[in-house]
Amino acid sequence: MSLPEIVSREEWRAARAELLRKEKAATRARDALNAERRGLPMVEVDEEYVFEGGDGKATLLDLFEGRHQLVVYHFMFAPEWDAGCRSCSGFLDQIGHLAHLHARGTSFATVSRAPYPKILPFKARMGWTVPWYSSYGSDFNHDFEVTLEREGEFVERPGLSCFLRDRDRVFHTYSTYERGLDCLGSTSSLLDLTALGRQEEWEEPKGRASALGAPAGSERVRYHDEYDG
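- The name given to the protein in an unreviewed UniProt entry is DUF899 domain-containing protein, with the source organism recorded as Streptomyces chartreusis NRRL 3882.

Written as structure tokens, this is what we have:
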């Protein structure tokens, strides 16, 4: 196995300082990319999708649970499968306490094409509590390009889509797939994909931080059992 070179503490500090310079440049570039993503236009979702979840039938608007934003993880689980995708399961294992997303007006839900009676026991087996819905019988997976038809067969791929709500109108703002999911899972990484972002005052474009009529994002952080509602 090829291991890192052994050097003195002084040499390590010098090498670390040079890498830190590049890391800070990457952070600034990521901030700029996130701002450009927030500047993307959005498209209204006119299709009346019907999902099935723990409380029965639900619309896309219902998945917001009354909040302004919705992040949907497209979990690979085809109707004919007996269990969900292993890689998607690893991704869902990374999702932390949803209270921190909720405090920023953002809901998180998982959607799969498998019928809900197949999803429910697998969800229980994995011990997950995140909202999970079946899109079985609708065009949701096809429309958001996570179920593709190739050579007469349906192929599943993982993805994540973000939505914004204006009263009863729902807008699609962003989607990413496959390698675009690398390094996602934390609260901040998910918020960075949304139109309102982390809702910090330093973010561009200006005005998004106060869009929910609340203090800036970092000022809203609490212990997860201390959030009101």
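Describing the packing of aromatic side chains
Next up, step 1: Summed over the entire model, instances satisfying the criterion amount to 15 aromatic pairs.
Next up, step 2: With a centroid separation of 4.3 Å and 15 degrees between ring planes, the pair formed by Y73 and F91 is classed as stacked. Of the two residues, Y73 is situated in strand 4 (residues 69–74) and F91 in helix 3 (residues 86–93); the sequence distance between them amounts to 18 residues. For the pair formed by Y73 and F91, the shared burial category is buried.

Focus on empty space enclosed by the protein
Next up, step 1: Under the definition given, this model contains one cavity of 30 Å³ or more.
Next up, step 2: In this structure, the largest cavity occupies an estimated 40 Å³ of space.
Next up, step 3: Forming the boundary of the largest cavity are D31, N34, R38, D192, R198, W202 and E203.
Next up, step 4: Among the residues forming the lining of the largest cavity, the class breakdown is one nonpolar, one polar and five charged.

A word on the environment of L190
Next up, step 1: The topology assignment puts L190 in helix 7 (residues 187–191).
Next up, step 2: With relative accessibility at 1%, the residue L190 sits in the buried group.
Next up, step 3: On a C-alpha basis, the gap between L190 and L160 in space is 9.4 Å, while along the polypeptide they are 30 residues apart.
Next up, step 4: Here L190 is in contact with V71, I95, L101, F108, L160 and G185, once residues within four sequence places are set aside.

Concerning the pairing of strand 7 (residues 147–150)
Along any regular strand the residues' side chains alternate between the sheet's two faces.
Next up, step 1: By the bridge criterion, four bridges tie strand 7 to strand 8 (residues 153–156) in an arrangement that is antiparallel. Along strand 8, the bridge assignment pairs E149 with F154.
Next up, step 2: The turn linking strand 7 back onto strand 8 is made up of two residues, and E151 within it adopts a positive phi angle of 55 degrees.

A short note on helix 3
The periodicity of an α-helix, 3.6 residues per turn, causes residues three or four places apart in sequence to face the same way.
Next up, step 1: Listing the buried residues of helix 3 in full gives C88, S89, F91 and L92. An end-on view of helix 3 places all buried positions within 160 degrees of arc, on one side of the element. In helix 3, the exposed positions that point more than 90 degrees away from the buried face belong to R86, S87 and D93.
Next up, step 2: Those residues of helix 3 that are buried are in contact with strand 4, strand 5 (106–112), helix 5 (116–126) and strand 9 (159–166).

A short note on the domain arrangement of the protein
Next up, step 1: Domain boundaries in the protein define domain 1 (8–39) and domain 2 (42–192).
Next up, step 2: The C-alpha-based centres of domain 1 and domain 2 are spaced at 32 Å.

Brief notes about the side chain of R165
Next up, step 1: Looking at where R165 falls in the secondary structure, it is placed in strand 9.
Next up, step 2: As a buried residue without a salt bridge, R165 has its nearest oppositely charged side chain in D168, at a separation of 5.2 Å.
Next up, step 3: One polar contact links the side chain of R165 to the main-chain carbonyl oxygen of G66, over a distance of 2.8 Å.
Next up, step 4: Within polar-contact distance, the side chain of R165 engages the backbone oxygen of R167 at 3.0 Å.

Quick word on the nonpolar core
Next up, step 1: Y73, F75, L92, I95, F108 and L160 are the most contacted members of the largest nonpolar core, which totals 28 residues.
Next up, step 2: Put simply, the parts of the chain that give this core at least two residues each are strand 4, helix 3, helix 5, strand 9 and helix 7.
Next up, step 3: Setting aside residues no more than four positions away along its own chain, L92 makes contact with Y73, F75, F108, T110, W128 and V130.
Next up, step 4: With 16 residues, the next largest nonpolar core counts Y49, L60, V72 and V111 among its residues.

Description of a negative patch on the surface
Next up, step 1: Negative charge collects at one region of the surface, where D46, E47, E48, D139 and D143 lie side by side.
Next up, step 2: Mapping D139 onto the fold places it in the loop between strand 6 (132–134) and helix 6 (140–143).

Some details on the environment of R38
Next up, step 1: Its place among the elements puts R38 in helix 1 (residues 9–38).
Next up, step 2: Once the C-alpha coordinates of R38 and A195 are considered, the two residues, 157 residues apart in sequence, prove to be 4.8 Å apart.
Next up, step 3: In this view, R38 contacts T194, A195, L196, G197, E203, E204, P205 and R208; residues no more than four positions away in its chain are not counted.

A few points about the pattern of salt bridges
Next up, step 1: This structure, assessed with the given rule, holds 11 salt bridges.
Next up, step 2: Taking the shortest distance from any N to any O, the salt bridge between R198 and D192 comes out at 2.8 Å.
Next up, step 3: The exposure class assigned to D192 is buried, which follows from its relative accessible area of 7%.

Basis of the calculations
- Residues numbered from 1 in each chain as written.
- Predicted model: local features only at pLDDT ≥ 70, side-chain atom pairs only at ≥ 80, totals over all residues.
- Heavy atoms only, no water.
- Phe/Tyr/Trp six-rings, centres within 6.5 Å; stacked < 30°, edge-to-face > 60°.
- Helix = DSSP H or I, 4+ residues; strand = E, 2+ residues; numbered from the N terminus.
- Buried < 20%, exposed > 50% of the residue type's maximum accessible area, 1.4 Å probe, protein only.
- 1 Å grid on protein atoms, 1.4 Å probe; cavity = no way out; pocket = protein on both sides within 12 Å on 5 of 7 lines; lining within 4 Å.
- Points joined across faces, edges and corners; volume = space filled by probe spheres on them.
- Nonpolar A, V, L, I, M, F, W, Y, C, P; charged D, E, K, R; others polar.
- Contact = heavy atoms within 4.5 Å.
- Pairing = 2+ DSSP bridges.
- Arc of directions from axis to C-beta.
- Domains from an automatic or database assignment.
- Lys, Arg positive; Asp, Glu negative; His and termini not counted.
- Salt bridge = Lys/Arg side-chain N within 4 Å of Asp/Glu carboxyl O.
- Polar contact = N/O pair within 3.5 Å; in protein donor to acceptor, adjacent residues only side chain to side chain.
- Core = buried A, V, L, I, M, F, W, Y, C linked by side-chain atoms within 4.5 Å.
- Patch = residues over 30% accessible without salt bridge, like charges linked within 9 Å, V, L, I, M, F, W, Y side chains within 5 Å.
- Areas by Shrake-Rupley, 256 points an atom, 1.4 Å probe, with all protein chains shown as cover.
- Charge placed at Lys NZ, Arg CZ, Asp CG, Glu CD.

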